[in-house]
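Examining the three-dimensional arrangement
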Amino acid sequence: MLIDVVAGSALPISMTPPPAHFSFFVGQCCIQKKALSIAVLRAAFVSKEMGLRATRELKAEPHGRKEVSVADYLSSAILNGRLAPGQRLIEAELTTDLGVSRGPVREAFRRLSAEGLIEIVPNRGAMVRRLSIMEALELFEIRTELEALAARLAAVNMKDPRVRAAFEEAIAPIWSIEPRHSTADYLQENQRFHAAVIAAAGNGQLVKLNQQMHLSLIMAQISSSLTSHVIGTSLHEHRMIATAIRARDAEAADAAIRDHLHRAQEFMRAMPSELFRRED
């Protein structure tokens, strides 16, 4: 008897050839389960990559830094994908790595929990928030409307040379033809592009609302499925959005960013349920 490990469970596979009338069914089931297994394993790998990167960067920071609060530093690490959804935040490690006492760390946990970036789980402590599929889809619906507004305003604001220059500088990486080998690096590039569109809109309240949508959390959560093809498609769409904004075509910018986010939303619907938190 052979044992095939699929999605964390041991499934016996008889060495005796199966009857022909159900061999196709078994084949399809194995393909689906192995595809799910690959997605889950890849999610674990990307999560580990982000976690290791976050740890290295935390340890590289000078101890006792005063200019940035613990909460701000952790918030940036989460939103830039350096801390992965579901990753535990261990109080003792953070006090050592950041050179602070337990007080600032606990205060950071309280603030980030209120902002929806982390969750406090009984008997497990603080963890980077992991969204359910319903939460992610609802946030995407709201985010689409906010970014469509931002794209229209940004297009209008391109008449201001200072706004145009700042936008051009912020989105410069999207024009690079170099392949994106690191998913973690692309998540940061993606976050910076969308932030640049919001900033160019010139609406302070829109910036604040956008920060509550946590697109970076969603992207980090589905990062295991961001293949080179998916990333290439996303980059192409970013360039179309940027081209419309730079041309001061508000209608085209609105349409391009809606198409981009709608496609991303449908892509997310197709993800394995194991990548999301189970609904309560």
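Whatever comes next refers back to the structure up there.
What comes next concerns the included structure. (Residues numbered from 1 in each chain as written. Predicted model: local features only at pLDDT ≥ 70, side-chain atom pairs only at ≥ 80, totals over all residues. Heavy atoms only, no water.)

Examining the packing of helix α6 (residues 161-171) against helix α7 (residues 183-201)
The condition that has to hold: In this description, a line fitted to the C-alpha atoms serves as the axis of each element, helices being fitted only across the stretch in contact, and the angle between N-to-C directions of two axes falls anywhere from 0 to 180 degrees. In this description a helix means any DSSP run of H or I spanning at least four residues, a strand means any run of E spanning at least two, and both kinds are numbered starting from the N terminus. Any angle that is under 35 degrees is reported as roughly parallel, and any over 145 degrees as roughly antiparallel; angles of 65 to 115 degrees are reported as roughly perpendicular and all others as oblique. By definition, residues are in contact when any of their heavy atoms lie within 4.5 Å. Residues were grouped as follows: Ala, Val, Leu, Ile, Met, Phe, Trp, Tyr, Cys and Pro as nonpolar; Asp, Glu, Lys and Arg as charged; and all remaining residues, including Gly, as polar.
Between α6 and α7, whose axes approach to 9 Å, the crossing angle comes to 175 degrees. Classified by the angle between their axes, α6 and α7 sit roughly antiparallel to one another. Along its contact with α6, which presents V163, F167, A170 and I171, the element α7 presents F193, A196, V197 and A200. The class makeup of the residues in the contact of α6 with α7 is eight nonpolar, no polar and no charged.

Thoughts on the environment of L235
What counts here: Classification of residues uses two cut-offs on accessible area relative to the type maximum, computed with a 1.4 Å probe and protein chains only: under 20% is buried, over 50% is exposed, and between them is partly exposed.
As for its position among the elements, L235 is in helix α10 (residues 228-246). Classification of L235 as buried rests on a relative accessible area of 5%. Residues L235 and N190, spaced 45 residues apart in sequence, show a C-alpha to C-alpha distance of 8.6 Å. Discounting chain neighbours no more than four positions away, the residues touching L235 are I174, R180, Y186 and E189.

Some thoughts on the sheet that holds strand β5 (residues 125-128)
We apply this condition: By the convention used here, strands pair only if DSSP detects at least 2 bridges between them.
The strand order across the open sheet built from three strands is β3-β5-β4, with neighbouring strands paired in antiparallel fashion. Sheet topology places β3 (88-89) and β4 (118-121) at the edges, where each strand pairs with a single neighbour. Relative to β5, β3 runs antiparallel, the two sharing two bridges. Paired with L89 across the strands is A126, a residue of β5.

As for the pairing of β5
Here β4 pairs with β5 via four bridges, running antiparallel. Bridging across to β5, I120 finds its partner in A126. Between the antiparallel neighbours β4 and β5 lie three residues, among them N123 with a positive phi of about 70 degrees.

Here we look at unusual backbone geometry
The phi torsion of most residues other than glycine is negative, and most of the peptide bonds are trans. One non-glycine residue, N123, lies in the positive phi region at around 70 degrees. With respect to the helices, strands and loops of the structure, N123 is situated in the loop between β4 and β5. Judged by relative accessible area, which is 85%, N123 ranks as exposed. In this structure, R248 takes a positive phi of about 60 degrees despite not being glycine. A relative accessible area of 48% means that R248 is categorised as partly exposed.

Concerning helix α4 (residues 102-114)
In an α-helix, one full turn covers 3.6 residues, which means residues spaced three or four apart are oriented alike. What counts here: Expected helix span is given by 1.5 Å per residue-to-residue step, counting one fewer step than there are residues. The arc in question is the one spanned by the directions pointing from the helix axis to the C-beta atoms.
The end-to-end C-alpha distance of α4, which contains 13 residues, comes to 19 Å, matching closely the 18 Å that a straight helix rising 1.5 Å per residue would cover. The complete set of buried residues in α4 reads V105, A108, F109 and L112. Down the axis of α4, the smallest arc covering the buried residues is 100 degrees, so these residues share one side. Across α4 from its buried face, at more than 90 degrees, point the exposed residues R110 and A114. Buried residues in α4 make contact with α2 (70-79), β3, α3 (91-98), β4 and β5.

Points about the environment of P272
With respect to the helices and strands, P272 occurs in the segment after α11 (250-269). Classification of P272 as buried rests on a relative accessible area of 18%. Along the chain, P272 and I133 lie 139 residues apart, while their C-alpha atoms are 9.8 Å from each other.

A word on the pattern of salt bridges
Formally: One side-chain nitrogen of Lys or Arg within 4 Å of one carboxyl oxygen of Asp or Glu is enough to make a salt bridge.
By the definition in use, this model includes 17 salt bridges. Among the salt bridges present, the one from R152 reaches D254, with a minimum N-O distance of 2.4 Å. Here the residue R152 occupies a position in helix α5 (residues 133-157), and D254 occupies one in helix α11, the gap between them amounting to 102 residues. As a salt-bridge pair, E237 and R263 come within 2.7 Å of each other at their nearest N and O atoms. With a gap of 26 residues between them, E237 in helix α10 and R263 in helix α11 connect regions that are remote in the sequence. One continuous salt-bridge network, built from bridges that share partners, spans E145, R152, D254 and R258.

Some remarks on the side chain of E91
Positionally, E91 belongs in helix α3. According to the relative accessible area criterion, E91 is buried, its value standing at 16%. If we skip the residues at most four places from it in the chain, E91 touches R102, V105, R106 and F109.

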